[in-house]
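So you can see what is in the structure, the chains are spelled out below.
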Amino acid sequence: MGVNTRELVLDILLALEREEDYSHRLMKGVLDKYDYLAARDKAFIKRTAEGTLERQLELDYYLEQYSSVPVRKMRPLIRCLLRMSAYQLCYMDAVPDSAVCDEACKLAARRGFGKLKGFVNGILRTISRNKGNLPLPDREKDTVLYDSVKYSTPKWIVELWTQEYGQELTETLLEGLMAVHRVSLRFGLQVPVAERERLCGWMAEKGISVEPSPYLPYVYLLEHMEGAGALPGFQEGLCTIQDISSVLAVEAAGIRETDFVMDVCAAPGGKSILAAEKARQGKVLARDVSEEKLSVMEENIGRMRAENIETQVFDGTCTDESLLEKADVVLLDVPCSGLGVMGRKRDIKYRVKPENLESLMQLQRQIVRASAGYVKPGGTLLYSTCTIHRGENEEMVRFLTKELGFEPISLEGALPESVLSIKKRIEELKRQCGKTKTGLSKEEEAACMQLLPGMMESDGFFLARFRRSL
């Protein structure tokens, strides 16, 4: 008997319901296990599972309109089966509606729920008949609920961003997170332009869409690739997968050839590797909290042949007295809520809870307070997160300047003009809707930037640059 791809999708969704692991790891595990499947089958599994997860709140809203049983009270298997089938009906035109409904009924029976075939079939057939005119909440009555359903994002996140950025910019951000995310490929700084172009030509011959990033010359945006391992030059350490936001954080740090750089929360190692390429005659100390995180980092470091990196297991909430005032640059990409990478890690938005944010902010302050002393007088501290939340970002800027005495340093000249122009555009949009109050001084504002999907092709990411006073 062949592999039932829909059943694999169902099992992924059930595992996510039980929070057995994160979606990107579960997906990789399934695709690795069934690597022998045809490319079309693997693409179906990936798109259906990821799309169902991404659109979960929207799909639940539709199901509620036609079900006599609330979604939350359904059996987990039936709930996941209806979600994945509704996604196929609404977003996968290549799959005939009749096949979606029939296969869902067969799968319900196969998994011991034969008595519910009529229930499943009735809901899906109704969605099929109405899919061109499925109801959304009344936007005029409740804009937050409308955005929450349309962009399948929990209401509390929509409210948070609307308070901080206003409705127009929030909708742009939500659209950006739901858009197709191209893969960001960074070439090593040592790779000549001609070699980069040659490798990109090979990728194009393999059917991969390759486009230069508008922000940095050694970063390219890819579509239609199956896996990084098969990319020309990847195994040889000539390129790596690294989002432009992470690359810009290292650019903003202004690392010089002979610098000693400390990367406190370094896994999976992208920033450390780029820092090592910039500090060719210096050294990078890359630390993280566990051997598991280090092993991922060391694999990437070895492939990229970054010989001037030393890795160590170290808890970032503790201070290593032997390294106080030793580092020219400290990179602090602290653990965060991850709201900026919801477009790639689709289950984050369902797992993060507003009540968890305060404990995260306390952890961040612990790490910053423990690590700030590593910076030499006159040295640089680069703080960053992959989230979009003022409490984890702008308020940390104030903490660093007001409580730890660091001097905010303008990003002018440290980031490309193409990026700084986006920063100005975001500030202008915030002014237009009266959302300019951040609690930061003019100097602090100039030292930081919130990257927003929809405004630029990147993850949602925050970075801020500081100097330790002499």
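Before reading on, note that the structure itself is shown above.
Source: prediction; values computed, not measured.

Chemist: It is not clear to me how the environment of Leu324 should be interpreted in this structure. Could you clarify?
Modeler: Among the structural elements, Leu324 can be located in the loop between β7 (309-313) and β8 (327-333). Between the C-alpha atoms of Leu324 and Glu175, which are 149 residues apart in sequence, the distance is 44 Å. Sequence-distant contacts of Leu324, that is, excluding residues within four places in its chain, are made with Thr319, Gly373 and Tyr374.

Chemist: In this structure, what is going on with the pairing of strand β9 (residues 375-385)? I would like to understand it.
Modeler: Taken across its eleven residues, β9 has eight buried, putting it largely inside the fold. In the sheet, β9 pairs with strand β12 (residues 461-468) via six bridges, with the strands oriented antiparallel. Along β12, the bridge assignment pairs Leu381 with Phe466.

Chemist: I keep staring at helix α10 (residues 167-178) and nothing clicks. Help me out?
Modeler: A turn of α-helix holds 3.6 residues, and therefore any two residues three or four places apart point the same way. Compared with an ideal rise of 1.5 Å per residue, which puts twelve residues at 16 Å, α10 spans 17 Å between its outermost C-alpha atoms and is within 8% of the ideal. Of all the positions in α10, only Leu169, Thr170, Glu171, Leu173, Leu174, Gly176, Leu177 and Met178 are classed as buried. On its buried side, α10 packs onto α3 (39-54), α8 (143-150), α9 (155-165), α15 (348-351) and α18 (417-432).

Chemist: Looking at this structure, I do not really get the packing of aromatic side chains. What am I missing?
Modeler: For any pair of aromatic rings, the description rests on two quantities: the centre-to-centre distance and the angle between the ring planes. What the rule picks out here adds up to three aromatic pairs. Residues Tyr87 and Tyr91 carry aromatic rings whose centres are separated by 5.3 Å and whose planes lie at 25° to one another, so their mutual orientation is stacked. One end of the pair, Tyr87, and the other, Tyr91, are both in helix α5 (residues 76-91), four residues apart, so they sit about a helical turn from each other. Of the residues examined, Tyr87 reaches a relative accessible area of 7% and is grouped as buried. If you follow Arg303 out to its NZ or CZ, it ends over the ring of Phe234, 3.7 Å from the centre. Residue placement shows Arg351 over the ring face of Tyr22; its charged tip is 4.3 Å from the ring centre.

Chemist: Explain the side chain of Glu394 to me, please; I cannot follow it from the model alone.
Modeler: For Glu394, the position within the fold is in helix α17 (residues 394-403). At 4.5 Å, Arg390 is the nearest oppositely charged side chain to Glu394, a buried residue that forms no salt bridge. Not counting residues up to four positions away in its chain, the partners in contact with Glu394 are His389, Thr438, Leu440 and Phe462.

Parameters and conventions
Starting from 1, residues in each chain are numbered consecutively following that chain's sequence as written. Reporting of local features is limited, given that this is a predicted model, to residues whose pLDDT is at least 70; pairs of side-chain atoms are given and counted only at 80 or more, and all residues count toward the totals for whole chains, interfaces and linings. Side-chain figures throughout are based on the complete set of non-hydrogen atoms in the structure, without hydrogens or water. By the criteria applied, helices consist of DSSP H or I runs no shorter than four residues and strands consist of E runs no shorter than two, each listed in order from the N terminus. Residue contacts follow a heavy-atom distance rule, with two residues in contact if any of their heavy atoms lie within 4.5 Å. Relative accessibility thresholds used throughout: buried, under 20% of the residue-type maximum; exposed, over 50%; partly exposed, between the two (1.4 Å probe, protein chains only). Pairing between two strands requires that DSSP report at least two bridges joining them. For a helix, the expected span equals 1.5 Å multiplied by the residue count minus one. The aromatic pairing rule takes the rings of Phe, Tyr and Trp, using the six-membered ring of Trp, and pairs them if the centres are within 6.5 Å, calling planes under 30 degrees apart stacked, those over 60 edge-to-face and the rest tilted. Lysine and arginine charges are scored as sitting over a ring when NZ or CZ, respectively, is within 6 Å of the ring centre and within 35 degrees of the ring normal. By the counting scheme adopted, Arg and Lys are positive, Glu and Asp are negative, and His together with the chain ends is not counted. What makes a salt bridge here is a side-chain nitrogen of Lys or Arg within 4 Å of a carboxyl oxygen of Asp or Glu, nothing more.

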